[in-house]
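# Architecture and fold: a report
Each chain is listed here by its residues.
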Amino acid sequence: MLSRKNKLLLLKLLSLFSIVRGYNVLMICLAQYIASIYILAPHIPVRDVIFDLELFVIVLASALVIAAGYIINNFYDSEKDLINKPTKSMLDRLVSQRKKLSAYFVLNFFAAFFASYVSFKAVLFFSAYIFGIWFYSHKLKKVPFIGNFVSATLAITPFFAVFVYYRNFDTVIFVHATFLFLLILVREMIKDLENIAGDMAQNYKTIPILYGIKVSKIGITILVLLTLMPSFLLITYFDVGYMYLYFIGCMFLLILFLIMLWKAKTKMHYVGLHNILKLIIIVGVFSILLVDIHLVLNRFL
């Protein structure tokens, strides 16, 4: 049996894991490696990619900055989350605001320290990334659309770091990046509809609050239609192996998403739409393996 003190410690660790969204951080790290092996550096043996120390440091620094970003975001949104996410917020509050700030600075310090192993340019890159996340959380988050746009940009920045490391400038990579960026931007705008109660209470100037839910839905619809364009291009004009099946599935899901969007009225409806986008993104990570299924079979079987 765990003592009362050990139970409290375990709960605080769970709280910290919830604050930094450890599952998201792990998924991004996995996505960086899969993208490196099958899209960015398919010509390099998988063993060399996995055991590349500089790549590991870039992924580690990315993970630390992202975790720190979730902490500072949680720090600024603590009051809003009490309304939008009461259960999660109660768990998160087991870690004091002071300790959150301490963890934030420690994680960012180690991110910059590890980045120095790669190069001074890497230190500058991650320092800019750290500042961008802070500035977004502190100021830009409350600015309509710009906040959504910056949030989506920050979300794909870890992949940009790996992309720059391998210096792979193939057009297909930019089309993949555009698809992911638009998908994340749609997710950010859905979150504004999902969290409208807390945003109104904290005086956030989001699109649905300033211009109404209908305008927000029109904006999301336009973005979804734009997302269909890179999907279509990746199916018809680029060699993405069997991953074309994923993009076909995405197109059908996004059309279903639009139908559900215009019928949505409650918070639970928007949560369901948010989960559809999460599913598309998560499945997309593993679908990268389909780019070259023969390569997967040769390497792992």
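Structure: above.
Because the structure is a prediction, the values reported are computed rather than measured. (Residues numbered from 1 in each chain as written. Predicted model: local features only at pLDDT ≥ 70, side-chain atom pairs only at ≥ 80, totals over all residues. Heavy atoms only, no water.)

Now for the overall build of the protein chain. From N to C terminus, the protein chain includes 16 helices and zero strands. In terms of C-alpha radius of gyration, the protein chain reaches 20 Å, essentially the compact-globule figure of 19 Å for 301 residues. A principal-axis box enclosing the C-alpha atoms of the protein chain has dimensions of 50 × 45 × 45 Å. Looking at the 301 residues of the protein chain, the share that counts as buried comes to 45%. Put simply, of all contacts in the protein chain between residues at least 6 apart along the chain, 77% involve residues at least 24 apart. Total accessible area computed for the protein chain in this model is approximately 15,900 Å², and 72% of it derives from carbon and sulfur atoms. Of the side chains in the protein chain, 28 bear a positive and 14 a negative charge, and the two mean positions are spaced by 11 Å. (Helix = DSSP H or I, 4+ residues; strand = E, 2+ residues; numbered from the N terminus. Rg over C-alpha atoms; globule rule 2.2 N^0.38 Å. Buried < 20%, exposed > 50% of the residue type's maximum accessible area, 1.4 Å probe, protein only. Contact = heavy atoms within 4.5 Å. Areas by Shrake-Rupley, 256 points an atom, 1.4 Å probe, with all protein chains shown as cover. Lys, Arg positive; Asp, Glu negative; His and termini not counted. Charge placed at Lys NZ, Arg CZ, Asp CG, Glu CD.)

Right, let's get into the packing of aromatic side chains. Taken as a whole, this structure holds 19 aromatic pairs when the rule is applied. With 6.2 Å between their ring centres and 25 degrees between their planes, Phe125 and Phe160 make a pair best called stacked. Note that Phe125 is positioned in helix α8 (residues 120–138) and Phe160 in helix α9 (residues 146–166), a separation of 35 residues in sequence. With a relative accessible area of 25%, Phe125 lands in the partly exposed category. Each ring, one from Tyr165 and one from Tyr166, has its centre 5.0 Å from the other, and the planes form 70 degrees; the classification is edge-to-face. Of the residues examined, Tyr166 reaches a relative accessible area of 15% and is grouped as buried. Through pairs of rings, three or more aromatic residues link up here, namely Phe125, Phe126, Phe160, Phe163 and Phe174. (Phe/Tyr/Trp six-rings, centres within 6.5 Å; stacked < 30°, edge-to-face > 60°.)

Here helix α10 (residues 171–194) crosses helix α14 (residues 244–263) at 20 degrees, and the two axes come no closer than 14 Å. Between α10 and α14, the crossing angle belongs to the class labelled roughly parallel. Where α10 crosses over α14, the two elements pack in a sense that is left-handed. Of α14, the residues touching α10 (which contributes His176, Phe179, Leu183, Val186, Ile190 and Leu193) are Tyr246, Phe247, Cys250, Leu254, Phe257 and Leu261. (Axes fitted to C-alpha atoms, helices over the stretch in contact; angles between N-to-C directions. Parallel < 35°, antiparallel > 145°, perpendicular 65-115°, else oblique. Left-handed = near helix turned anticlockwise from the far one by under 90°.)

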